[in-house]
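This is what each chain is made of:
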Amino acid sequence: MDRWEPATIPMFPLGRALLPGESLPLRIFEPRYRMLLTDTLDEYRTLLDRREEDPRAPEPVLRPPGFGVVLISQGHEVGGGDARYDVGTYADIAQMSRRPDGQAALSCVGGNRFRVVEWLPEAPYPRATVQPLPTSPVTIEHRAAFGLLCARVSTLLEDFADARGVAAIELNPVERLVIDLTSLDADLAVELGVAGWAARLPIGSSDRQSVLEADDADTQLRILDDAIDGLAAAVAFSK
C-alpha cells in the first residue's frame, strides 16, 4: 500500500486496537480468513513475479504482505456482523506457520495508520478502501513528555506492588510492561510517533483507539496523560 494513495485492502477486525510497531500474534482458523491469507500471499507473489519478468517496468510499491486491522466497536471477532471503527493500522506479516488446510499462526507487526474511506462487500472476508494517514512529527519535547508519563506508570506499578508486599516484576499481567519501561530511552523510535510509543503503556482499548484517531502528537500525549490519571485513580482506590 502506497503511503499516500487510497488503496483497497483486506481487513481483519479485532477486539483490540493495533498500534504502530506493536507485535500481533494471530491464529487463522475461520474459512473466510484462510481465504484472506491465501489471496494476500498470492497478490504479493504476483507483484514479485512481475518485477522479475520485466526489470524495465515501473517498480511496484512493495511492502510485506498483510492486511488492515480495525477495532470492533460492537459485536465479536468470530462470525461477522460486527460494527467497526474507521481508523486502524496496517498489519505486516513478519512470520507465518501454515497447515495444509489453510489454518495458520501469524506473527504480525503494526505499520502505518489509515482511515477507512468505504467498506466494500465482503468476499467473503471484510474489505475496505482506505486512506493512509501520516505519522505525526515528534520533537525532543514530545519524547521528554512521554518519558515523564512512563516514569509515572513505573512509579504507580511499584507503589501497587509495595502495597501488596511483592516486587513489581512479580505482578501479572504487568510484568512485561515493567521490563519494557526500563529501556524507554533506547527504544523510542521516532518513525513510530507517539501512537507507536503508546503500545508500551497499560491503557485500555478506548484510549488506544483515541490515540490512533488523533492527528497530532500533542493531542495524543494529552489522551495518554488522561489515561494515566485514570490508572493512578484505580491504583489509589485499590490501596
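Residues numbered from 1 in each chain as written. Predicted model: local features only at pLDDT ≥ 70, side-chain atom pairs only at ≥ 80, totals over all residues. Heavy atoms only, no water.

### With respect to the overall build of the protein
Along its length, the protein carries 7 helices and 7 strands. In the protein, the order of α-helices and β-strands from amino to carboxyl end is β-β-α-β-β-β-β-β-α-α-α-α-α-α. Relative to its 239 residues, the protein shows a buried fraction of 42%. The contacts of the protein with a sequence gap of at least 6 include a subset with a gap of at least 24, amounting to 67%. With an accessible surface of roughly 12,600 Å², the protein has 53% of that area assigned to carbon and sulfur atoms. (Helix = DSSP H or I, 4+ residues; strand = E, 2+ residues; numbered from the N terminus. Buried < 20%, exposed > 50% of the residue type's maximum accessible area, 1.4 Å probe, protein only. Contact = heavy atoms within 4.5 Å. Areas by Shrake-Rupley, 256 points an atom, 1.4 Å probe, with all protein chains shown as cover.)

### As for the confidence of the model for the protein
Taken residue by residue, the protein gives an average pLDDT of 82. The fraction at 70 or more is 79%. Per-element confidence in the protein ranges from a low mean pLDDT of 46 for helix α3 (residues 175-181) to a high of 95 for strand β7 (residues 127-132). Ignoring residues within four places in sequence, the model shows residues 172-179, a span with pLDDT below 50, making 8 contacts including any to other chains. (pLDDT = per-residue confidence, 0-100.)

### Some details on the pairing of strand β5 (residues 87-98)
As paired strands, strand β3 (residues 66-74) and β5 are joined by 4 bridges and run antiparallel to one another. Within the sheet, the bridge partner assigned to Phe67 lies in β5 and is Ala91. (Pairing = 2+ DSSP bridges.)

### Considering helix α6 (residues 205-213)
Listing the buried residues of α6 in full gives Arg208, Gln209, Val211 and Leu212. Buried residues of α6, viewed axially, fall in a sector of 160°; they line one side. (Arc of directions from axis to C-beta.)

### Examining the pairing of strand β6 (residues 104-120)
One ladder, built from 6 bridges, connects strand β2 (residues 23-28) with β6; its direction is antiparallel. Paired with Ile28 across the strands is Ala104, a residue of β6. The pairing of β5 with β6 spans 10 bridges and is classified as antiparallel. Its bridge partner lying in β6, Met96 is registered against Leu106. Linking two consecutive strands that pair antiparallel, namely β5 and β6, is a turn of 5 residues; a positive phi of about 95° is found at Gly102 within it. Pairing between β6 and β7: 6 bridges, direction antiparallel. Looking at β7, one finds that Phe114 is bridged to Pro132. In textbook terms, the turn of a hairpin is the stretch between consecutive antiparallel strands, and for β6 and β7 this stretch comprises 6 residues.

### As for the pattern of salt bridges
Counted according to the given criterion, the structure contains 9 salt bridges. A salt bridge links Arg16 to Glu22; the nearest nitrogen and oxygen atoms lie 3.7 Å apart. Given the relative accessible area of 43%, Arg16 is considered partly exposed. Across the pair Arg84 and Glu122 runs a salt bridge, and its minimum N-O distance is 3.0 Å. (Salt bridge = Lys/Arg side-chain N within 4 Å of Asp/Glu carboxyl O.)

### Section: the side chain of Thr40
Within the secondary structure, Thr40 is located in helix α1 (residues 31-53). In terms of polar contacts, Thr40 uses its side chain to reach the backbone carbonyl oxygen of Leu36, at 2.8 Å. Not counting residues up to four positions away in its chain, the partners in contact with Thr40 are Pro10, Pro65 and Gly66. (Polar contact = N/O pair within 3.5 Å; in protein donor to acceptor, adjacent residues only side chain to side chain.)

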